[in-house]
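Below, each chain spelled out in residue letters.
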Amino acid sequence: MTAVVGTRSLGDTPEAVTSSLQELWDERGAAVGRTFTVTPCPYSAEEIAALEEDGRRLAYLPPEVATQAGRHWLGKIWPLMECFSVLEDNVVSNVINPSGWFDYESQIDAPNVNLDQAGLLAEVERQGRTLLTVNQWIVAAQDSRVLTGKYLDETRSWVRVNSGIDPGRILAVHIDGPNMAVDLTDEDAVDGSMMMAYDLSPHDAVVGCGGRTSSVPPERQNLVEEPAERVARWTMTPHFATLDLGREWQRQVDKYLELGFHTAMHFTEEQYVRTLPKFERQPKEYRGRFDMPMLVDPRLFWRNQCVLGGVRVPHFDYCTEPIPADERFRVPARPYAAWFGAWDQRFPERIAPPDARDQLAEDEIGGNSWEMAAVEILWPEYDLRGQYWDIIGYVVHDAKIKNIPDTDYERTLSCYHYRRSAEIHPNLHQRAFEVFRPLVRGSKIVTSPNS
């Protein structure tokens with residue numbers, strides 16, 4: 001949805017505020033073929049003025065979009081966000097589901113900063129307020145963009161929200177404006193993209209990370225229950241059972257040619273194709289464990305492959321080059337065809353990278369940096385559907401993260417969707433995250449004598 005930004009006021013009477021927000025929600029509903037009704041504003045003109053004097057602004061969250069199940073409509077209204085938390089089958093739940101009218105701190109930079117999770121929640125309780133859910137924060141951030149020309153937190157901050165994946169651990173969010181946030185990273189901003197720090201620990205007290213609150217008392221929060229039935233989580237695994245190996249081989253070769261792998265290695269197209277191995281019949285012992293065939297070409301440096309494939313690799317100026325976690329995981333020297341586990345196959349439940357490595361059988365190999373590039377290039381559907389990869393066969397050392405202390409221990413690389421692109425970077429902590437699975441293949445590979 002595209003809206004004129006920085007040109008509106010909500011007004012200073014309950015009737016004006018109701019009308020202004022109804023107009024906004026009419027526009028949003030029209031963008032997705034829905035109707036959203038804003039109930040009359042329950043605040044008097046004097047209360048509205050007092051909130052404004054306190055640096056707070058009113059907003060409205062329709063009950064239809066207040067839950068985990070309904071959040072995907074916010075993703076449809078604002079498609080530029082492209083965050084896994086707004087997918088229809090998302091795994092991010094709210095601690096509670098307040099709906100209707102709420103207020104929030106209208107300043108662009110986050111309040112209540114530099115606290116760990118316990119400290120933030122204690123401060124919010126001391127204030128007698130409630131932390132915003134990710135649904136509320138999205139609406140408040142987008143309202144701010146319309147009213148002021150800036151999203152909440154676009155300048156220099158992240159905020160923890162009353163939403164998460166694991167019990168007892170809430171997550172942090174940020175949305176980009178047109179310019180990169182000050183003092184956060186050296187990456188380019190992608191205006192309107194939303195990020196969620198799925199890997200933030202409750203113990204991380206991050207510089208510039210705060211929390212936004214609502215002062216609506218519990219009895220007026222209009223809590224909404226999650227529907228009993230949810231959309232089933234997307235899976236690509238059944239697709240692999242129907243693959244024609246010859247056609248699949250050609251599809252993958254064509255993709256590498258399209259991206260210019262042959263040119264980067266000074267081959268003609270015909271010369272390059274002759275160096276690639278064919279897929280062979282899947283070993284029986286791999287069925288149901290490693291059903292995803294993939295061509296991997298280690299002759300071109302993996303970072304160069306990422307550049308050609310549009311996969312972002314930021315910040316490697318402050319961590320070491322990935323190295324094998326075990327010598328048997330070292331990448332082969334020649335192009336190879338192998339069978340990999342689909343995202344929900346070898347490890348159907350979340351697992352920490354070190355634990356996954358420890359559980360590998362003798363005929364199983366942890367993914368390497370070149371396979372990481374290949375899976376993002378050849379199977380981008382996973383990235384777009386919020387199903388990400390841990391590259392458990394290789395590790396990095398001294399991967400310090402700006403503004404977050406005590407992260408310079410051994411970690412694995414991970415692939416995920418960030419700023420509307422696939423991106424590769426070590427996660428903050430080597431823990432089991434619901435949106436990640438290890439990339440693993442069978443030890444049997446096919447190479448070509450022509451390479």
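To be clear, the structure that these remarks concern was listed above.
Analysis parameters
Residues numbered from 1 in each chain as written. Predicted model: local features only at pLDDT ≥ 70, side-chain atom pairs only at ≥ 80, totals over all residues. Heavy atoms only, no water. Helix = DSSP H or I, 4+ residues; strand = E, 2+ residues; numbered from the N terminus. Buried < 20%, exposed > 50% of the residue type's maximum accessible area, 1.4 Å probe, protein only. Lys, Arg positive; Asp, Glu negative; His and termini not counted. Charge placed at Lys NZ, Arg CZ, Asp CG, Glu CD. Core = buried A, V, L, I, M, F, W, Y, C linked by side-chain atoms within 4.5 Å. Pairing = 2+ DSSP bridges. Axes fitted to C-alpha atoms, helices over the stretch in contact; angles between N-to-C directions. Parallel < 35°, antiparallel > 145°, perpendicular 65-115°, else oblique. Contact = heavy atoms within 4.5 Å. Disulfide = S-S within 2.5 Å. Phe/Tyr/Trp six-rings, centres within 6.5 Å; stacked < 30°, edge-to-face > 60°. Polar contact = N/O pair within 3.5 Å; in protein donor to acceptor, adjacent residues only side chain to side chain. Expected span 1.5 Å × (residues − 1).

Caption draft 1: Layout of the overall build of the protein. A count of helical and extended segments in the protein gives 13 helices and 18 strands. Taken along its principal axes, the extent of the C-alpha atoms in the protein is 80 × 45 × 40 Å. Every one of the 451 residues in the protein was classed for burial, and the buried ones make up 57%. Positive and negative side-chain charges in the protein, numbering 46 and 68 respectively, have mean positions lying 6 Å apart.

Caption draft 2: Broad picture of the nonpolar core. Counting residues in hydrophobic clusters, the biggest one holds 67 residues, and the most contacted among them are Trp 25, Phe 84, Trp 101, Trp 137 and Ile 138. Counting residues per element, this core draws most heavily on helix α5 (residues 134–148), at 8 residues. Listed in part, the 46 residues of the second largest apolar core include Leu 259, Leu 295, Trp 343 and Leu 413.

Caption draft 3: Expanded view of the pairing of strand β5 (residues 158–166). Within β5, 9 of the 9 residues are buried, which leaves the element mostly enclosed by the surrounding structure. Bridging between β5 and strand β8 (residues 209–211) involves 3 bridges; their strand directions are parallel. In the sheet register, Arg 160 faces β8, and the bridge partner there is Gly 211. Sheet analysis places β5 next to strand β6 (residues 169–175), joined by 4 bridges and oriented antiparallel. The residue of β6 that forms the bridge with Arg 160 is Ala 172. Counting the residues in the hairpin turn of β5 and β6 gives 2 residues, including Gly 168, whose phi is positive at 85 degrees.

Caption draft 4: Structural detail: the packing of helix α7 (residues 245–259) against helix α12 (residues 369–378). Their axes nearest at 11 Å, the elements α7 and α12 cross at an angle of 100 degrees. In terms of axis orientation, α7 runs roughly perpendicular to α12. Listed contacts from α12 to Arg 251, Gln 252, Lys 255, Tyr 256 and Leu 259 of α7 are Ala 374, Ile 377 and Leu 378.

Caption draft 5: Fine view of the state of the cysteines. Under the counting rule described, the total for this entry stands at 0 disulfides. Summary of cysteine pairing: Cys 306 is not part of a disulfide, and the nearest cysteine sulfur, belonging to Cys 415, is at 7.5 Å.

Caption draft 6: Fine view of the packing of aromatic side chains. Taken as a whole, this structure holds 21 aromatic pairs when the rule is applied. Geometrically, the ring pair formed by Tyr 198 and Phe 436 is tilted, given 5.0 Å between the ring centres and 50 degrees between the ring planes. Placement of Tyr 198 in the loop between β7 (194–197) and β8 and of Phe 436 in strand β17 (residues 436–438) is noted, with a sequence separation of 238 residues between them. No difference in accessibility class separates Tyr 198 from Phe 436, as the two residues are buried. Joined through ring pairs, the aromatic side chains of Phe 84, Tyr 198, Tyr 388, Tyr 416, Tyr 418, Phe 433 and Phe 436 make up one cluster.

Caption draft 7: Layout of α12. Burial within α12 is extensive, with 10 of its 10 residues counted as buried. Among the residues of α12, Ser 369, Trp 370, Glu 371, Met 372, Ala 373, Ala 374, Val 375, Glu 376, Ile 377 and Leu 378 are the ones counted as buried. The N-cap residue of α12 is Asn 368: its side-chain oxygen and the backbone nitrogen of Trp 370 are 2.9 Å apart.

Caption draft 8: Region of the structure containing helix α1 (residues 14–32). Look at α1: 27 Å from first C-alpha to last across 19 residues, which is about the 27 Å you get at 1.5 Å a residue. Among all positions of α1, only Pro 14, Val 17, Thr 18, Ser 20, Leu 21, Gln 22, Leu 24, Trp 25, Arg 28, Gly 29 and Val 32 are buried. Against the buried residues of α1 lie α2 (45–53), β1 (56–61), α3 (72–77), β3 (100–105) and α5. Backbone geometry just downstream of α1 places Gly 33 in the positive-phi region, at approximately 70 degrees.

Function cannot be inferred from these measures alone, as they are strictly geometric.
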